[in-house]
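Chains, contacts and geometry: an overview
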Amino acid sequence: MPQQARVTSLEALSAFRAYLIVYLGQARPALEEIGADVLRTRLWIENDQRAHWEGQLRRCTKELEQAQEALFSARLSQLGHETAAQQMAVHRAKRTVEEAQMKLRLVKKWQREFDGRVQPLVKQVEKLHTVFSNDMVQAVTFLTKAINTLAAYSQGGSPASPVAAALQDAVRPESPESATEKGELK
């Protein structure tokens, strides 16, 4: 007599399947959120930040021009004696213009380099999303079938797989009644 397999923990297999389903339910939205964050960041760099720092540069340049005009007027009215406050205003305006130019250069640099730095990582996330959407769904289906098959086996029944059912039908001799039902005997 062949030995029977000992199926002792269908609950563990069922619990693993349940945890896998929960994990997939949480992981897929997280990966989709990553893709959305990458897109939002790209748009933020390309549109929002560039427009912001271009506007800041225009505003700072205008303030520098006004400070230089005030300094020039003070020089003319005082015959060459500008005030310290006007000098400091010009220096402060120059620093803000330089800072705005530097920030704008950084934004343009990130705009050029963003895809090159981010795309390899995005491809990895997309591969993982594909694994979760396809392979893990098949794994859950396989686990479900395995649990059902093992449950039937442990209860003394036959495995529920189509191969096992076909083997049982091939080995079992047909009765005349079942042959009549199939239309083979008349």
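Structure: above.
Our subject in this report is the structure included herewith. (Residues numbered from 1 in each chain as written. Predicted model: local features only at pLDDT ≥ 70, side-chain atom pairs only at ≥ 80, totals over all residues. Heavy atoms only, no water.)

**A word on the overall build of the chain**
Applicable threshold: Every helix listed is a DSSP run of H or I at least four residues long, and every strand listed is a run of E at least two residues long, numbered separately from the N terminus. Categorising residues by exposure relies on relative accessible area from a 1.4 Å probe, with only protein chains included: less than 20% of the type maximum marks a residue as buried, more than 50% marks it as exposed, and the intermediate range marks it as partly exposed. Only heavy atoms matter for contacts: two residues are in contact if any of them lie within 4.5 Å across the pair. Surface exposure here means Shrake-Rupley accessible area, sampled with a 1.4 Å probe, where a residue is shielded only by the protein chains that are shown.
The number of helices and strands found in the chain is four helices and zero strands. Ordering the α and β elements of the chain from the N terminus gives α-α-α-α. Counting every position in the chain, which comprises 186 residues, the buried fraction comes to 18%. At a minimum sequence separation of 6, the contacts of the chain that also span at least 24 residues come to 75%. Of the roughly 14,000 Å² of accessible surface on the chain, 58% is carried by carbon and sulfur atoms.

**Notes on helix α1 (residues 10-77)**
What counts here: In a helix, the anticipated span is given by 1.5 Å times the number of residues less one. Think of it this way: the bend at a residue is just the angle between two axes, each fitted to seven residues, one set ending at that residue and the other starting at it.
Here α1 is 68 residues long and its end C-alpha atoms lie 96 Å apart, about the 100 Å a rise of 1.5 Å per residue gives. By the largest-angle criterion, W44 marks the main kink of α1, which is about 40°.

**Here we look at the pattern of salt bridges**
Our working rule: For salt bridges, the criterion is a side-chain nitrogen of Lys or Arg within 4 Å of an Asp or Glu carboxyl oxygen.
Counted under the stated rule, the structure contains six salt bridges. Linking R59 and E63 is a salt bridge whose minimum nitrogen-to-oxygen distance equals 2.6 Å. Within this pair, R59 and its partner E63 are both found in helix α1, separated by four residues, close to a single helical turn. Salt bridges here are not isolated pairs; linked through shared partners, they connect E33, D37 and R40.

**Notes on the packing of α1 against helix α2 (residues 84-154)**
Spelled out, the test is: To obtain each axis, a line is fitted to C-alpha atoms, and for helices this fit is confined to the stretch in contact; angles are then taken between N-to-C directions over 0 to 180 degrees. Every angle not falling under 35 degrees, over 145, or within 65 to 115 is termed oblique; those three ranges are roughly parallel, roughly antiparallel and roughly perpendicular. Amino acids outside the nonpolar list (Ala, Val, Leu, Ile, Met, Phe, Trp, Tyr, Cys, Pro) and the charged list (Asp, Glu, Lys, Arg) are all regarded as polar, and Gly is one of them.
At their nearest, the axes of α1 and α2 sit 7 Å apart, and the two run at 170° to each other. What the angle tells us is that α1 and α2 run roughly antiparallel. Of the residues belonging to the contact of α1 with α2, the class tally is 42 nonpolar, 16 polar and 13 charged.

**Concerning the packing of aromatic side chains**
Put simply, the rule is: To pair, rings of Phe, Tyr and Trp, with the six-membered ring standing in for Trp, must have centres within 6.5 Å; the planes then decide the type, stacked if under 30 degrees apart, edge-to-face if over 60, and tilted in the middle.
Applying the stated criterion across every chain, the model contains one aromatic pair. A ring pair is formed by Y23 and F132, whose centres lie 5.6 Å apart and whose planes are at 85°; its orientation type is edge-to-face. Here Y23 is found in helix α1, whereas its partner F132 is found in helix α2, with 109 residues between them in sequence. Accessibility expressed as a relative area gives 6% for F132, which makes it buried.

**Observations concerning the environment of F132**
As a C-alpha pair, F132 and Y23 span 109 residues in sequence and 9.7 Å in three-dimensional space. Other than its neighbours up to four places away in sequence, F132 contacts Y23, L24, A27, R28, L31 and V137.

**Brief notes about α2**
Helical geometry note: an α-helix holds 3.6 residues per turn, so side chains three or four residues apart project in the same direction. Along its length, α2 reaches its greatest deviation from straightness, about 45°, at E113. Just past α2, the residue G156 takes up positive phi, approximately 90°.

**What about the side chain of Q49?**
Here Q49 lies in helix α1. Residue Q49 is classed as buried on the basis of its relative accessible area, which comes to 17%.

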